[in-house]
Amino acid sequence: MKSYFSILFLLLFACVALRAQPLRKSSREANMEAAEAAMKEKNYYQAVTLLEKAFEEVEDESLLPMLAEMNYQLRDYTKAARYYSRLLRKAKQNTYIDLRFKYGRVLKMNGNCEEAVDEFQKFIGATKDEKLKELAQYEVTGCEMAMSKTKAKITPKALDKNVSTGFSEYSPSLYRDGSLYLVSFDTDEVVIASDTADEKSAKIYKTTKGEKTWNKPEALDQKINREGVQTTFVSFSADGSRMYFTRAVMKGNEVGESKIFYSQGGGDGWGAAQECTGVNGEYLSLHPVVGELFGKEVLFFSSNMEGGQGGLDLFYATYKGEGVYGDPVNLGPKINTPGDEITPFYFDGTLYFSSNGHPGYGGEDIFFTAWNGQMWSEPRNLGNGYNSSTDDQYFSLDREGYKGFFTSNRPGTNKSVRSKTCCDDIYEFEVPRIKVDLVVGVFDAGKKPLKGASTDLSQVVTAQQITPVEFKTNTSGNRFDFPLTLDKAYKIRVTAQGYYPDSAQLSTLGIKETKVLEKRFFLRPLPETKVKEEPEYDTITTEQPILLDNIVYGYDDDKITPESEPDLTLVFDLMKKYPEMVIELSSHTDYRGKDTYNQDLSQRRAESARKWLIQKGIGSTRIQAKGYGESLPKVVNEKMAAQNLIMKVKDTLNQEFIDNLATKEEQEIAHQLNRRTEFKIVKGPTKIVMKRAELRKKPATTTKPAPNRNRLIHDTLPVTPKPAQDTIHRFSTLYYSKDLKGVPIMQFNRRELDLGKVKKGEKREFTFEFTNRGDADLKIAIISACDCTTTDYSTDPVKPGESGKIKVIFDSTDKTESETIDVDIILENTMPGKESPIIERLQYKFELIV
């Protein structure tokens, strides 16, 4: 756990260094005496240099703990690992226990994750410090993340030598006029941060962008930068009228105090510094940044004040005006840990921060958490590219959220004063703007290009409100191109003289990369064209798989959706028509994911389709559910080849075929074709005849608009149109029922529950409460869930207006990963006008900590 001293200036390297002068080679005794004197003055850079010289003369192993620790503090991870290794290799059991934790960290920050995991496991088994044990477990999780070798999300670039020195630059903050503010010592020499007036001080600088590079930064005037004071951590209010920063005063070589200040002004100049009221005290306050909570302006900052989780914690205080703030509020254990949480940045409802207490790729990683109006979400790692095996901090974005900066000591191209990882550089990055284009092709029923058609594109706001987009395209060809906006739902309508019109709905909700959406329309001629359409029939024979196009499932889900019911109804009708027929219902996945997981998911999906038909009255012995996972990739037929020019008849959509496709869009088309549900006759009639038109189209759907969040992160789900009865939840089979007379309606206080982090083997108990808002007695027949879930409930009737409870006990003993659990409540009451039971669903999820 780092101290504020190391967080503030170790990043600069200045906190631990003297202005080094060449030394004559001296005896071991002289070096040891000089090193001891330097350590008393906390001049660790000079001390470690002298100790290393003494160790070179005589390899005294008693020096190893000190050499390892100093190099660790100086962030020379290569040397630190070398000294820790020599020390611990010969150490007796249960000695130097805490040093194994630090050894694991330097191994991790050197990229040696497998060795790091071994050291962390040894430490966990030996230590009695529960907080450090928790941190070590998180470090193991972080190592596993790093070893997964996920693709970097961005390609950051260090600022050039006009800005970067051999020392450290940090705290990049982009002002609204495009200028960049940062903190630097503006030197390539080793500097000591002290209360000595003639020593260099950290200052706030400003630079502007030239044609290709950033210009040489210039220090702000003495109203902001005061000699003998470390002026650091710069940020701005949303309107740009206030600049926030901290002033740290040294006592000897240590930080005596750190307080938050602000200055009013703008790009043309800043007024005198004024101390903020309410956020400073007999503790260290740093990293101020303006944000918003509960509709009010707040100041987020880091502090070691009492009442925290340990180390540096994140706090917020509500702005009252004129530099005055309310009492600081700790952000709580969901965000703060026994480690350090620092350098917050707020953007459009999302808080970014760095931490060494959550699972990460390196030392300090960048995380984010989203505010939903009442609480923060579980912090998530921003991912590879933003984070490295070293320290990554001071994340910030421009006003649009596409460009940004952060600070890192990852090995780079710029020269540092001591080691490759001693000092920080500022990196800039750009998130590619996501573009979504729609390409519409219009054909006749014979699949020939149909010229002279017209297309209308409208934006779907709600199921009842559709707003035309401001352009209408006419062309002599059959292709139409439309640029689309992210996080919107659209309806496209196609018309042509002499043909029936057609329409479709689509959505850009949740799209996270540039994409071209293709939609082909095959228009049927009107009767007056005197073109007869002969009915087309399919003859289905034994063992011939028939694709059910419209059976769809939610991500990682096996529940039957309303969109799936038309195709299942088709199978139901056929089985009624052919009572001797026995079928196999099969489900298939694409090849992504683990084989065992795909096999299990496909089996569960096939079982869900089988269960639906059984509830409709089909005998259970007539349906065989089979999940094939990824083992039977789709073979392209004539219809698929006509619709997808990238495929030929008899192509097998296996991994080799898909990986060789040119674009991600083409690969996703192939994956979607592999994710399918089929049925085939295994017993009974050798063949049956059916109209092709019986395989019905999907019902129209809309999508719920996404919240206005940072464009880097989208957590959205497609939903179907809401019914007229607002009291019916989408987890109820009554959701689409128009007539609710004579049925019970279960209204819960909550249907979804997030248990947060759950340790393997832990049990959790919770309760769902409901009220019968219908006009009939409610009777629970049975409640179904996984083996990990035990439920306790009453089967006594619940009269209209009365309430009931369902108690749930979750046992994580047999769980191997985080999961969302469905709890299905099957009532004795039946659906209006049907014989199938009403089914209500509850859901809870957890993050498993192994």
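The structure we're discussing is the one just above.
So, here is what we can say about the structure in this document. (Residues numbered from 1 in each chain as written. Predicted model: local features only at pLDDT ≥ 70, side-chain atom pairs only at ≥ 80, totals over all residues. Heavy atoms only, no water.)

## Quick word on the overall build of the protein
Scanning the protein for helices and strands turns up 13 helices and 43 strands. Counting the 850 residues in the protein, one finds 49% classified as buried. Carbon and sulfur atoms provide 47% of the accessible area of the protein, an area that totals close to 41600 Å². (Helix = DSSP H or I, 4+ residues; strand = E, 2+ residues; numbered from the N terminus. Buried < 20%, exposed > 50% of the residue type's maximum accessible area, 1.4 Å probe, protein only. Areas by Shrake-Rupley, 256 points an atom, 1.4 Å probe, with all protein chains shown as cover.)

## Quick word on a negative patch on the surface
A cluster of acidic residues, Glu29, Glu33, Glu36, Glu56 and Glu57, forms a negative patch at the surface. Every element with two or more residues in the negative patch is listed here: helix H2 (28-40) and helix H3 (44-57). The element that contributes the greatest number of residues to the negative patch is H2, accounting for three residues. (Patch = residues over 30% accessible without salt bridge, like charges linked within 9 Å, V, L, I, M, F, W, Y side chains within 5 Å. Salt bridge = Lys/Arg side-chain N within 4 Å of Asp/Glu carboxyl O. Lys, Arg positive; Asp, Glu negative; His and termini not counted. Charge placed at Lys NZ, Arg CZ, Asp CG, Glu CD.)

## Description of the nonpolar core
Ranked by size, the top nonpolar core spans 39 residues in total, and within it Leu67, Tyr84, Phe101, Tyr103, Val106 and Phe120 carry the most contacts. If you list the elements that add at least two residues to this core, you get H2, H3, helix H4 (64-73), helix H5 (77-89), helix H6 (97-109), helix H7 (113-126) and helix H8 (130-147). With seven residues, H5 is the largest single contributor of residues to this core. Those residues in contact with Phe101 that lie beyond four places of it in its chain are Phe120, Phe123, Leu132, Leu135, Ala136 and Glu139. (Core = buried A, V, L, I, M, F, W, Y, C linked by side-chain atoms within 4.5 Å. Contact = heavy atoms within 4.5 Å.)

## Section: the side chain of Thr232
When you line up the elements, Thr232 lands in strand S6 (residues 230-236). Judged by its relative accessible area of 0%, Thr232 is buried. Of the polar contacts made by the side chain of Thr232, one reaches the side chain of Thr246; its length is 2.7 Å. (Polar contact = N/O pair within 3.5 Å; in protein donor to acceptor, adjacent residues only side chain to side chain.)

## Here's the deal with the sheet that holds strand S39 (residues 780-784)
Strand order across the open sheet formed by four strands is S37-S43-S42-S39, with mixed pairing between neighbours. Pairing within the sheet leaves two strands with one partner each, and these edge strands are strand S37 (752-759) and S39. Along the sheet, successive strands turn relative to each other by an average axial angle of 20°, direction set aside. One ladder, built from nine bridges, connects strand S42 (residues 819-830) with strand S43 (residues 837-849); its direction is antiparallel. Its bridge partner lying in S43, Ile821 is registered against Tyr844. (Pairing = 2+ DSSP bridges. Axes fitted to C-alpha atoms, helices over the stretch in contact; angles between N-to-C directions.)

## A few points about the environment of Phe406
Take Phe406: it is sitting in strand S21 (residues 403-408). The exposure class assigned to Phe406 is buried, which follows from its relative accessible area of 0%. It is 9.5 Å that separates the C-alpha atoms of Phe406 and Ala158, two residues lying 248 residues apart in sequence.

## Focus on the environment of Thr350
By secondary structure assignment, the location of Thr350 is in strand S17 (residues 350-355). Judged by its relative accessible area of 3%, Thr350 is buried. For the pair Thr350 and Gly291, spaced 59 residues apart in the sequence, the C-alpha separation amounts to 9.3 Å.

## Section: the sheet that holds strand S22 (residues 425-430)
Pairing is antiparallel across the open sheet formed by four strands, whose spatial order is S1-S22-S21-S20. Every interior strand has two partners, whereas the edge strands, strand S1 (157-158) and strand S20 (392-397), have only one. Relative to S22, S1 runs antiparallel, the two being bridged by two bridges. Along S22, the bridge assignment pairs Ala158 with Tyr427.

## What to know about H5
Its 13 residues give H5 an end-to-end C-alpha distance of 17 Å, which sits within 8% of 18 Å, the value for a rise of 1.5 Å per residue. For H5, the full list of buried residues reads Tyr77, Ala80, Ala81, Tyr83, Tyr84, Leu87 and Leu88. Buried residues in H5 make contact with H3, H4, H6 and H7. (Expected span 1.5 Å × (residues − 1).)

## A look at the packing of aromatic side chains
Applying the stated criterion across every chain, the model contains 37 aromatic pairs. Three or more aromatic residues joined by ring pairs make a cluster, and in this case those are Phe345, Tyr352, Phe368, Tyr386, Phe395, Phe406, Tyr427 and Phe429. Note that Lys519 overlies the ring of Phe521, its terminal NZ or CZ placed 5.7 Å from the centroid. Above the face of the Phe768 ring, Arg750 is positioned so that its terminal group lies 5.6 Å from the ring centre. (Phe/Tyr/Trp six-rings, centres within 6.5 Å; stacked < 30°, edge-to-face > 60°. Lys NZ or Arg CZ within 6 Å of the ring centre and 35° of its normal.)

## Description of the pattern of salt bridges
Under the definition given, this model contains 30 salt bridges. Glu584 serves as the salt-bridge partner of Lys680, at 3.9 Å between the closest nitrogen and oxygen. With Lys680 in strand S34 (residues 676-683) and Glu584 in strand S32 (residues 582-588), the pair connects residues that are 96 residues apart, well separated along the chain. Since its relative accessible area comes to 17%, Lys680 is described here as buried. Looking at Glu584, the relative accessible area reads 10%, which means it is buried. Where Glu819 meets Lys815, a salt bridge forms, and the shortest distance between an N and an O atom there is 3.0 Å. Among the charged side chains, a network of salt bridges with common partners joins Asp590, Arg592, Glu668 and Arg675.

## Topic: the pairing of strand S28 (residues 502-507)
Taken together, the six bridges between strand S27 (residues 489-495) and S28 define a ladder with antiparallel strand orientation. By the bridge assignment, Ile492 is partnered in S28 with Ala504. In this antiparallel pair of consecutive strands, S27 and S28, the connection spans six residues, and Gly498 shows a positive phi of 90°.

## Focus: the side chain of Arg100
Considering the arrangement of structural elements, one finds Arg100 in helix H6. Contact partners of Arg100, with chain neighbours within four places excluded, come to Leu88, Glu119, Lys122 and Phe123.

## With respect to the packing of H6 against H8
Contact pair H6 / H8: the axes reach a minimum separation of 11 Å and the direction vectors enclose 20°. Regarding the angle of H6 to H8, the classification is roughly parallel. Along this stretch, H6 crosses H8, giving a crossing that reads as left-handed. Here H6 contributes Asp98, Phe101, Arg105 and Lys108 to the contact with H8, which in turn contributes Leu132, Leu135, Ala136, Glu139, Gly142 and Cys143. Taken together, the residues of the contact of H6 with H8 break down into five nonpolar, one polar and four charged. (Parallel < 35°, antiparallel > 145°, perpendicular 65-115°, else oblique. Left-handed = near helix turned anticlockwise from the far one by under 90°. Nonpolar A, V, L, I, M, F, W, Y, C, P; charged D, E, K, R; others polar.)

## Considerations on H7
End to end, H7 covers 20 Å across 14 residues, agreeing with the expected 20 Å (1.5 Å per residue, within 8%). Here H7 has its buried residues at Cys113, Ala116, Val117, Glu119, Phe120, Phe123 and Ile124. In an axial view of H7, the angular spread of the buried residues amounts to 165°, which keeps them on one side of the axis. Pointing more than 90 degrees away from the buried face of H7 are the exposed residues Glu114 and Gly125. On its buried face, H7 is in contact with H5, H6 and H8. (Arc of directions from axis to C-beta.)

## Describing unusual backbone geometry
Backbone geometry at Phe294 places phi at a positive 55°, although glycine is not the residue there. If you check the backbone angles, Asp487 has positive phi at about 60° while not being a glycine.

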